[in-house]
Amino acid sequence: DAVEVQKQPGEKTVFAGMEEMPIDAAKLARSVSTDSMVGRMVSGKSNSSEPLCSPQSPKHPLEEKAPRAVATMRFIRVDVLTKLEAPILRCQDLPDDCFGVMRACDKLIAISHGWRFQMHPDPYGVEIQPMTELLQALQDVYRDSGVELYAFLDYTAIPQRPFRLSQAERTEEEQDIFQEALLHLDAVFLHADHFVHLDVPVDLPEDEGEVYNQSSVQSSSIELRQVGPNLQCIQPFPFDNLLAVNGEAVSSVATAERLLAQSALAEVTLERHKYGLPNVVDCSDRGWIYLERFITMVVVAMLKEENFEDTVTTNSVETFQEIHAGAQFLRQAAQKDARFQRSSAVFANSGSKAPSALQQAFAEFEDCLKVKRFSAASVDKSLNPALRAVSTLAGARDSSSEEDEEALLPSPSDVEIVTQSMCSLVRHLALHWESEQEFRQARSRLAQKVEDYVLVWNCFSPGFMQRIQEQMWLDPMLMVLLLLVPVAGILLVMSLPYARPDAGFAANWLHIFIAYPLGCTVIYMSCPLVVEMYLHAKLPYRCKILWPIVAGAISSIPMPVVVMLTGVYPVPFATVTTGPFSFNVSLPLLWLFLPQAIRSRPQAKKRFLFVVLVMISLSFIFFLVYPMLNVWLKSGDGLAHCIIVAFTFLGARLAFEAVNLYTMRNVSAD
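Residues numbered from 1 in each chain as written. Predicted model: local features only at pLDDT ≥ 70, side-chain atom pairs only at ≥ 80, totals over all residues. Heavy atoms only, no water.

**A few points about the overall build of the protein chain**
Now for step 1: Each helix and strand counted, the protein chain has 29 helices and 13 strands in total.
Now for step 2: Here the protein chain, with 670 residues, has 48% of them falling under the buried criterion.
Now for step 3: The long-range share in the protein chain, meaning contacts at least 24 apart out of those at least 6 apart in sequence, stands at 78%.
Now for step 4: About 32700 Å² of surface is accessible on the protein chain, with carbon and sulfur atoms providing 59% of the total. (Helix = DSSP H or I, 4+ residues; strand = E, 2+ residues; numbered from the N terminus. Buried < 20%, exposed > 50% of the residue type's maximum accessible area, 1.4 Å probe, protein only. Contact = heavy atoms within 4.5 Å. Areas by Shrake-Rupley, 256 points an atom, 1.4 Å probe, with all protein chains shown as cover.)

This is the structure we're talking about:
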């Protein structure tokens, strides 16, 4: 059962010990196509043993558990992002109305992509089309639902440095926001509702890296900065690398300044980089991208397998398979721990809080991170040595650990930042996987229920219908008959003409002696069908035919008495005055019509009593509520009335489904 990882340098990671996972080619094609029906649900994530936030929280999980992430980042509206043209403007250059404040019901889409250049991730717009197509697929899912979609795209979420000569540098306030926001990037992915992973090959322009000479340049106008081993020019040749001054090679700012100070004019040799140093490392080999994919795997592993395609979308088949395999790997490790925990008292009493299989699985991911690559040094880390490597992980930190003290050291590298983020996340998840998984699934179920009940008004919720259909055993035609018989009886009664109610007995004898009893007889034909369902037994024809006739005759007794005493034929309130009496007398009489073999069953009396109580309760509700509702609907008007009717309908449907699900557990789905 040991969980192993098999990998060779430069090869795709293969998780050993994981069950073979067949991936439906058609589903995979849909997920990576522009027509993918991605996402209906998800999210939330926690940082401790407590759930991230209650499913009923009025705030989005990101704001609930990582408020500083919301305070330091801006989340762009998806309808705006899909209309932006290349090169996309910096966060601080976009109008305020491009952003918004997320509500609890809104969805956050975390976008993972690779930066092509040091100063701008995608200046030529090669990622815009695939990103827009994937986002538009999500927009189609939530169209007309009232849900707002917001996206986290790092370049539009955090203040950035200029990529053009005419742009202003970040202000001191923007610099502080940037430095703090870096500490919350992982929290954004932990709390995202959907994930978009872009993997577009890097294709550099022809003049990228071209070496050229520039003569008679004023030495005083040249501004330089050290970016790793590169000497980058800020002015007057923005982002180009300075290679030599007056024919002498330079590799440091001090050397370049000494040579430039020797003359007012200088001849310089430069390497062209219009948007800064390029990054040609493949996305699958980048450390930052791997961290984002790992967090996505964690989030998806906490959900059910069938939710994967609704949560993750990508333009790359390889990326899709990598995240799917990693999520399944973690899910299987967690399931193995759960099985072991249930079956082994030794494990429960050992004092160990970290499931062993998950620990091994996480260790394999940490090993994978060690072979990932990181590109040229960041300008921000070069110029801001106070930048910390502390990762909030939505607050999931063990403040007393020595690792956290080491994480406060200045000038961390990308490797240190990503490694620290993953290690902190792994420590937290190893201890609190079950609580995090329970909340994630609870939020998923809540989102699905909201969609089922609020967005679908033309039928019962899909989950309810599925459970009913799976447990039914009667012929569907009998179910149709059960629905049509009462309707036929009501229509039969209403089809015959009747006089004014105050015309009395003589004018309404046709209804009193024929129409009403005959209609009741037809309606009562549905009762044996209901009893059949609850008793799981086929009833003889004396129950299905003879008993309804007897019950209809009984129903004809109280009606003439009421009419003769009052002089009024109480249409349409006959059900209120005579229905309860005849129905409640006739239904128990059905027990005597049942065969002895059925009545002698162990649970027969209990089930039949349940049937009687349920049908009597429902009949009283119908006899009392229906006339009142009829009068109320006739007397009401206006918007307020429509809203009340809508909520009445929704409440009635919720109550109906709840009662029926309870009934299914006690009797049958039919």
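**What about the pattern of salt bridges?**
Now for step 1: The full count for this structure, using the stated rule, is 13 salt bridges.
Now for step 2: In this structure, the salt-bridge partner of Glu127 is Arg116, at a minimum N-O distance of 2.9 Å. In this pair, Glu127 sits in the loop between β4 (107-112) and α5 (128-142) while Arg116 sits in the loop between β4 and α5, placing the two residues 11 residues apart along the sequence. When sorted by exposure, Glu127 lands in the same class as Arg116, which is buried. (Salt bridge = Lys/Arg side-chain N within 4 Å of Asp/Glu carboxyl O.)

**Quick notes on helix α22 (residues 526-535)**
Count 3.6 residues to each turn of an α-helix, and residues three or four apart come out pointing the same way.
Now for step 1: Taking burial as the measure, the 10 residues of α22 include 10 buried ones, the bulk of the element.
Now for step 2: Burial in α22 covers these residues: Ser526, Cys527, Pro528, Leu529, Val530, Val531, Glu532, Met533, Tyr534 and Leu535.
Now for step 3: Note on α22: the residue one or two positions beyond its end, His536, has a positive phi of about 55°.

**Things to note about the packing of aromatic side chains**
Now for step 1: With the rule as written, the count across this model stands at 15 aromatic pairs.
Now for step 2: For the ring pair Phe294 and Phe362, a centre distance of 6.3 Å and an interplane angle of 80° mean the geometry is edge-to-face. Within this pair, whereas Phe294 is found in helix α10 (residues 287-301), its partner Phe362 is found in helix α14 (residues 356-370), the two being separated by 68 residues in sequence. Both residues of the pair, Phe294 and Phe362, count as buried.
Now for step 3: Following the ring pairs from residue to residue traces out a cluster consisting of Trp115, Phe117, Tyr124, Tyr155, Phe163 and Tyr275.
Now for step 4: When the ring centre of Phe178 is taken as origin, the NZ or CZ atom of Arg170, which lies over that ring, is 3.9 Å away. (Phe/Tyr/Trp six-rings, centres within 6.5 Å; stacked < 30°, edge-to-face > 60°. Lys NZ or Arg CZ within 6 Å of the ring centre and 35° of its normal.)

**A short note on the packing of α22 against helix α23 (residues 541-555)**
Now for step 1: Between α22 and α23, whose axes approach to 8 Å, the crossing angle comes to 145°. For the pair α22 and α23, the crossing hand works out as right-handed. Facing α22, whose interface residues are Cys527, Pro528 and Glu532, α23 presents Cys543, Lys544 and Trp547.
Now for step 2: For the contact of α22 with α23, the per-class residue count stands at 4 nonpolar, no polar and 2 charged. (Axes fitted to C-alpha atoms, helices over the stretch in contact; angles between N-to-C directions. Left-handed = near helix turned anticlockwise from the far one by under 90°. Nonpolar A, V, L, I, M, F, W, Y, C, P; charged D, E, K, R; others polar.)

**Focus: the environment of His113**
Now for step 1: Counting through the fold element by element, His113 comes out in the loop between β4 and α5.
Now for step 2: For His113, a relative accessible area of 7% gives the class buried.
Now for step 3: Taking the C-alpha atoms as reference points, His113 and Leu198, separated by 85 residues in sequence, lie 5.1 Å from one another.
Now for step 4: His113 has contacts with Pro121, Glu127, Leu153, Asp154, Leu198, Ile289 and Glu292, leaving out every residue within four places of it along the chain.
Now for step 5: Side chain to side chain, His113 and Glu127 meet in a polar contact 3.2 Å long. (Polar contact = N/O pair within 3.5 Å; in protein donor to acceptor, adjacent residues only side chain to side chain.)

**Concerning the nonpolar core**
Now for step 1: Within the largest apolar cluster, 53 residues are counted, with the highest numbers of intra-cluster contacts made by Met73, Phe75, Phe152, Phe294, Leu330 and Trp433.
Now for step 2: Secondary structure elements with two or more residues in this core: β4, β5 (149-152), α7 (172-181), α8 (185-190), α10, α12 (317-343), α14 and α17 (414-455).
Now for step 3: The element contributing the most residues to this core is α10, with 9 residues.
Now for step 4: Core analysis: the second largest hydrophobic core is formed by 28 residues, Cys527, Trp547, Met559 and Ile598 among them. (Core = buried A, V, L, I, M, F, W, Y, C linked by side-chain atoms within 4.5 Å.)

**Side note on the sheet that holds strand β6 (residues 194-197)**
Now for step 1: The sheet built from 5 strands is open, its strands ordered β3-β5-β4-β6-β13 with mixed pairing. Sheet topology places β3 (76-77) and β13 (312-314) at the edges, where each strand pairs with a single neighbour.
Now for step 2: Relative to β5, β3 runs antiparallel, the two sharing 2 bridges. Following the sheet pairing, Arg77 is matched in β5 by Tyr150.
Now for step 3: The strands that α10 touches are β4, β6 and β13; relative to β6, the one it contacts most, it runs at about 145°. (Pairing = 2+ DSSP bridges.)

**Some points on the pairing of β5**
Now for step 1: On β5, burial covers both faces: Leu149 and Ala151 on one face and Tyr150 and Phe152 on the other are all buried.
Now for step 2: The pairing of β4 with β5 spans 4 bridges and is classified as parallel. The residue of β5 that forms the bridge with Lys107 is Leu149.
Now for step 3: Handedness of the β4-α5-β5 crossover: right-handed. (Right-handed = clockwise from strand over helix to strand, strands pointing away.)

**Thoughts on α7**
Now for step 1: Taken together, the buried positions of α7 are occupied by Glu174, Gln175, Phe178 and Ala181. Projection of α7 onto a plane perpendicular to its axis shows the buried side chains occupying an angular sector of 130°, all on one side. Those residues of α7 that are exposed and angled more than 90 degrees off the buried face are Glu172 and Glu173. (Arc of directions from axis to C-beta.)

**Quick word on the confidence of the model for the protein chain**
Now for step 1: Looking at the protein chain as a whole, the pLDDT averages 74, with 66% of positions reaching at least 70.
Now for step 2: The low-confidence segment residues 1-57, where pLDDT is below 50, has 165 contacts with residues more than four positions distant or belonging to other chains.
Now for step 3: Across residues 345-352 the pLDDT falls below 50, and counting only partners more than four positions away or on other chains, this stretch makes 3 contacts in the model. (pLDDT = per-residue confidence, 0-100.)

**Section: the side chain of Thr311**
Now for step 1: Following the sequence through the fold, Thr311 ends up in helix α11 (residues 308-311).
Now for step 2: Overall, Thr311 belongs to the buried group, its relative accessible area being 2%.

**Some words on the environment of Val202**
Now for step 1: Structurally, Val202 is set in the loop between β6 and β7 (211-218).
Now for step 2: Once you skip the residues sitting within four places of it in the chain, Val202 turns out to touch Arg116, Asn279, Val280 and Arg286.

**Here we look at a nonpolar patch on the surface**
Now for step 1: A contiguous nonpolar patch, built from Trp509, Leu510, Phe513, Ile514 and Leu518 and spanning about 460 Å² of accessible area, is present on the exposed surface.
Now for step 2: You can call Trp509 partly exposed: its relative accessible area is 45%. (Patch = residues over 30% accessible without salt bridge, like charges linked within 9 Å, V, L, I, M, F, W, Y side chains within 5 Å.)

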